[in-house]
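Residue-level structure breakdown
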Amino acid sequence: MQLQGKSSGSEMEVTWQDQQNINTFSRFNNRFHELEDEIKFAKEKCDNLEDAGNELILADEEMVRFQIGEVFAHVPKDEVETRIEEMKEATCKTLEKLEQEKESLISQMAELKKLLYAKFKDSINLEED
């Protein structure tokens, strides 16, 4: 496989290792976009659970409706508070893991960009449009 340089008109040899680096960068980039969506969803879920916890504090009833699967059940307020807090903690931990993975991917992608741009210069575009 060869890449053609824009400015010099010469052809560059793409080695097997170069192709592996390009493929790895592509996989990292796809995962990066998936992580952005997952992080957005986790943040929304965490915010919703926070709002639910706040609304529960304001509730006067001892039994509240709590969704379990696709069904609403009447559950004691204290138990619902505990469940919401557990769900919020789990979601926030997941969010932290996703953000750490995203940071790791960003640094790995930066290293690959540096390698690929060093070799191919303007012949390769790894930037988002």
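Residues numbered from 1 in each chain as written. Predicted model: local features only at pLDDT ≥ 70, side-chain atom pairs only at ≥ 80, totals over all residues. Heavy atoms only, no water.

Basically, it comes down to this: UniProt positions are given in the numbering used here, feature names are shortened, and annotations may be inferred rather than shown by experiment.
Where an unreviewed UniProt entry is consulted, the protein appears under the name Prefoldin subunit 4, with the organism given as Brassica oleracea var. oleracea. UniProt lists a comment for the protein under the heading Subunit (unreviewed entry), and it reads "Heterohexamer of two PFD-alpha type and four PFD-beta type subunits." Among the UniProt annotations of the protein, the heading Function (unreviewed entry) holds the following wording: "Binds specifically to cytosolic chaperonin (c-CPN) and transfers target proteins to it. Binds to nascent polypeptide chain and promotes folding in an environment in which there are many competing pathways for nonnative proteins."

1. Observations concerning the UniProt feature "coiled-coil region" (unreviewed entry) in the protein
Threshold: Helix and strand labels come from DSSP, where a helix needs a run of H or I of at least four residues and a strand needs a run of E of at least two; each type is numbered from the N terminus.
UniProt records the feature "coiled-coil region" (unreviewed entry) for residues 25-52 and 81-115 in the present numbering. The distance from the first to the last C-alpha atom of residues 25-52 is 40 Å, and the span holds 100% helix and 0% strand. Counted over residues 81-115, helix gives 100% and strand 0%. Its end C-alpha atoms are 51 Å apart.

2. Points about the packing of helix α1 (residues 16-58) against helix α2 (residues 77-120)
Here is the rule: To define axes, lines are fitted to C-alpha atoms, for helices over the stretch in contact only, and angles between the resulting N-to-C directions are given on a 0 to 180 degree scale. Any angle between 65 and 115 degrees counts as roughly perpendicular, while under 35 counts as roughly parallel, over 145 as roughly antiparallel, and the rest as oblique. The crossing is said to be left-handed when, going from far helix to near helix, the turn is anticlockwise and less than a right angle, and right-handed when the turn is clockwise. Think of it as three bins: nonpolar holds Ala, Val, Leu, Ile, Met, Phe, Trp, Tyr, Cys and Pro, charged holds Asp, Glu, Lys and Arg, and polar takes everything else, Gly as well.
Axis separation between α1 and α2 bottoms out at 7 Å; the angle between their running directions is 160 degrees. It follows that α1 is roughly antiparallel to α2 by the angle criterion. Considering the relative orientation of α1 and α2, their crossing is left-handed. Of the residues belonging to the contact of α1 with α2, the class tally is 25 nonpolar, 6 polar and 15 charged.

3. Considering the pattern of salt bridges
Let me state the cut-off plainly: Salt bridges are defined as contacts in which a side-chain nitrogen from Lys or Arg sits within 4 Å of a carboxyl oxygen from Asp or Glu.
Across all of its chains, the model carries 9 salt bridges by this definition. Here Arg31 makes a salt bridge to Glu101, at a shortest N to O gap of 2.9 Å. Here Glu101 lies in helix α2 and Arg31 lies in helix α1, a separation of 70 residues in the sequence. Between Glu111 and Lys114 there is a salt bridge, with its nearest N and O atoms 3.5 Å apart. Here the residue Glu111 and the residue Lys114 both occupy positions in helix α2, the gap between them amounting to 3 residues, near one helical turn.

4. What about the environment of Lys119?
Operational definition: Note on exposure labels: buried denotes an accessible area under 20% of the residue type's maximum, exposed denotes more than 50%, and partly exposed covers the range between, all computed with a 1.4 Å probe on protein chains only. Throughout, a contact is declared for two residues whenever any of their heavy atoms are within 4.5 Å. The definition of a polar contact used here is a pair of N or O atoms within 3.5 Å, where within protein one atom must be able to donate a hydrogen and the other to accept one, and adjacent residues in sequence count solely through side-chain atom pairs.
Positionally, Lys119 belongs in helix α2. Accessibility expressed as a relative area gives 33% for Lys119, which makes it partly exposed. Through-space distance from the C-alpha of Lys119 to that of Met12 is 9.1 Å; in sequence the pair is 107 residues apart. Beyond its immediate chain neighbours, meaning those up to four positions away, Lys119 contacts Met12, Glu13, Thr15 and Asp18. Within polar-contact distance, the side chain of Lys119 engages the side chain of Asp18 at 2.5 Å.

5. With respect to the pairing of strand β3 (residues 63-68)
Convention followed: Two strands are said to pair when DSSP picks up at least two bridges between them.
Relative to strand β4 (residues 71-76), β3 runs antiparallel, the two sharing 6 bridges. Paired with Val64 across the bridge in β4 is Val75. Remark: 2 residues form the turn of the hairpin made by β3 and β4, two consecutive strands paired antiparallel; Gly69 in that turn has positive phi of roughly 70 degrees.

6. Overview of the side chain of Asp18
Within the element layout of this structure, Asp18 appears in helix α1. Relative accessible area serves as the criterion here: at 10%, Asp18 is assigned to the buried category. Each residue touching Asp18, except ones within four places of it in the same chain, is listed here: Glu13, Leu116, Lys119 and Phe120.

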